[in-house]
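Report on the structure
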Amino acid sequence: MDKSMLGDLDSLPEADKLRMSAMIDQLQIRDSLRMYNSLVERCFNDCVENFRRKSLDKQEETCVRRCAEKFLKHSMRVGLRFAELNQGTATPD
């Protein structure tokens, strides 16, 4: 967790700071898992058409790879844009 997020909590007792830090860590883990699950579900539904074999065929594998790359690039761009807006240094797109 980014400890700068706790900057506004300096007035709290140490035990409360630790609880808040643990809570923030849990929320970040939950959000990461939610994003991962969303990625898996979306790419699976878009790319896997049937269950002929245990492994993906070449077309499905390529589709899943592209889907995951797009999803991750989009998520990264959204995160960067959000950070820019929070810092007030938005760039025109």
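Going along each chain's sequence as written, the residues are numbered from 1 onward. The predicted origin of the model limits local features to residues at a pLDDT of at least 70 and limits the giving and counting of side-chain atom pairs to 80 or more, whereas totals for whole chains, interfaces and linings rest on all residues. Computation of side-chain values covers all heavy atoms of the structure but excludes hydrogens and water.

Quick notes on the overall build of the protein
Only DSSP runs of H or I with at least four residues qualify as helices, and only runs of E with at least two residues qualify as strands; both kinds are numbered from the N terminus onward. A count of helices and strands for the protein gives two helices and zero strands. Only protein chains enter the accessibility calculation, which uses a 1.4 Å probe; a residue whose area is less than 20% of its type maximum is buried, one above 50% is exposed, and one in between is partly exposed. When burial is assessed residue by residue, the protein has 16% of its 93 residues classed as buried. The contact definition used throughout considers only heavy atoms, calling two residues in contact when any of these lie within 4.5 Å. Residue pairs in contact within the protein that sit at least 24 positions apart in sequence constitute 32% of those at least 6 positions apart. Using a 1.4 Å probe, accessible areas were evaluated by the Shrake-Rupley method; residue-level cover was limited to the displayed protein chains. Taken as a whole, the protein presents about 7900 Å² of accessible surface, with 57% of it coming from carbon and sulfur.

Points about the state of the cysteines
Our working definition of a disulfide is a cysteine sulfur pair at a distance within 2.5 Å. Counted according to the given criterion, the structure contains two disulfides. With a sulfur-sulfur separation of 2.0 Å, Cys-43 is cross-linked through a disulfide to Cys-67. Because the torsion about its S-S bond is -90 degrees, the bridge between Cys-43 and Cys-67 counts as left-handed. Of this pair, Cys-43 sits in helix α1 (residues 14-47) while Cys-67 is found in helix α2 (residues 58-87), placing the two residues 24 residues apart along the sequence.

As for the packing of aromatic side chains
Two numbers describe a pair of aromatic rings. These are the distance of the centres and the angle of the planes. Working definition: rings of Phe, Tyr and Trp (its six-membered ring) pair if their centres are within 6.5 Å, and the pair is stacked with planes under 30 degrees apart, edge-to-face with planes over 60 apart, and tilted otherwise. Taken as a whole and judged by the stated rule, the model has one aromatic pair. A ring pair is formed by Phe-44 and Phe-51, whose centres lie 6.0 Å apart and whose planes are at 35 degrees; its orientation type is tilted. In this structure Phe-51 comes out as exposed when scored by relative accessible area, which is 69%.

Observations regarding the environment of Glu-60
Tracing the chain through its elements places Glu-60 in helix α2. With residues near it in sequence (within four places) discarded, Glu-60 still touches Cys-47, Val-48, Glu-49 and Asn-50. In protein, a polar contact means a hydrogen-donor-capable atom and an acceptor-capable atom, both N or O and within 3.5 Å, with residues adjacent in sequence counting only if both atoms are side-chain atoms; elsewhere, any N or O pair within 3.5 Å suffices. Polar contacts involving the side chain of Glu-60 include one to the main-chain amide nitrogen of Glu-49, which spans 3.4 Å.

Quick word on the pattern of salt bridges
Within this document, salt bridges are pairs made up of a side-chain nitrogen of Lys or Arg and a carboxyl oxygen of Asp or Glu, the two lying within 4 Å of each other. Taken as a whole, this structure holds six salt bridges when the rule is applied. Notably, a salt bridge pairs Arg-19 with Asp-16, separated by 2.2 Å at the nearest N-O pair. In this pair, Arg-19 and Asp-16 are both assigned in helix α1, three residues apart and thus about one turn of the helix distant. Looking at Arg-19, the relative accessible area reads 53%, which means it is exposed.

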